[in-house]
Amino acid sequence: MPTPTASTEPAGRDTTDGSRAHTALLLLSAASGAADAFVFICVGQVFAGVMTGNLVLLGAAAAGAGEEGVALRVVTALVSYGCGVAWGAVAGERMWWRLPVMLSFEVVLLAAGAVLWACGLITSDADRLGLLVVMGLAMGIQGRVRATPTNYFTGTLTSLVARLARASWRRDDVWVAGRLLAVVAGAALAALTVRLWPASGAVTAAGLAAAALFVEAAGRRAVPAMARS
């Protein structure tokens, strides 16, 4: 008798989801852009979710380029992101109602980071590393929430441009382009918040992730309600 094997897929699948799920993906993409912009500007020239960029920075630091201490921050970001992915992979297999639960953990982490920053508790390099751990964990969890990427977009952009070049545009490519624009919008909103209200710089990412959680949870409540009607 064949033995069942655990799925390696992220907690949410996107092949049959409608506009509600696409809206949540847009919000998560914007949250990713906001988190990376905040971390890059306020924590120290690294990213919370874009690990490709961090690997490039690590290579540059190994060659003696870049600002002092960036290698330690990059390694911290890589490890914390990896831990978030690992937790998301395990939790995605073992938790009931797993996608909203995983998103809830992400929102809690981002909110904790926002509170620590807003209260002025991040005052030293060690504190910044701790904040980077919190943000990296959140982005790692987000990376496992959906099969559709919301915090790494090189492949997304490559596929979209390739389809445009072949004139094989698909209906869902509007949403794909929307996710790319959402990253830019989220980053711009976070950067503007840092400029105008520095203490609230991390609130943008937490708010966008919370909005995505609300959309996902509302969609799941609507399905049983329709089934009973």
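Residues numbered from 1 in each chain as written. Predicted model: local features only at pLDDT ≥ 70, side-chain atom pairs only at ≥ 80, totals over all residues. Heavy atoms only, no water.

> How should the overall build of the protein chain be read in this particular structure?
A tally of helices and strands in the protein chain yields 8 helices and 0 strands. The helix and strand sequence of the protein chain, counted from the amino end, reads α-α-α-α-α-α-α-α. For the protein chain, the proportion of its 229 residues judged to be buried stands at 43%. Within the protein chain, contacts between residues separated by at least 24 positions form 73% of all contacts whose residues are at least 6 apart in sequence. When the accessible surface of the protein chain is split by element, carbon and sulfur atoms take 68% of a total near 11700 Å². (Helix = DSSP H or I, 4+ residues; strand = E, 2+ residues; numbered from the N terminus. Buried < 20%, exposed > 50% of the residue type's maximum accessible area, 1.4 Å probe, protein only. Contact = heavy atoms within 4.5 Å. Areas by Shrake-Rupley, 256 points an atom, 1.4 Å probe, with all protein chains shown as cover.)

> I tried to follow a nonpolar patch on the surface on my own but got confused; where do I start?
A surface patch of nonpolar side chains, amounting to about 300 Å² of accessible area, comprises L164, W169 and V174. Within the element layout of this structure, W169 appears in the loop between α6 (154-165) and α7 (173-196). (Patch = residues over 30% accessible without salt bridge, like charges linked within 9 Å, V, L, I, M, F, W, Y side chains within 5 Å. Salt bridge = Lys/Arg side-chain N within 4 Å of Asp/Glu carboxyl O.)

> I keep staring at the pattern of salt bridges and nothing clicks. Help me out?
Where charged atoms from two side chains of opposite charge approach closely, those side chains can pair. Within this structure, the stated rule accounts for 3 salt bridges. Note that D173 is salt-bridged to R163, the shortest N-O span being 2.6 Å. Residue D173 is found in helix α7, and its partner R163 is found in helix α6; the two are separated by 10 residues along the sequence. Of the residues examined, D173 reaches a relative accessible area of 0% and is grouped as buried. R163 gets classed as buried once you look at its relative accessible area, which sits at 11%. One network of salt bridges, with partners in common, ties together R163, R170 and D173.

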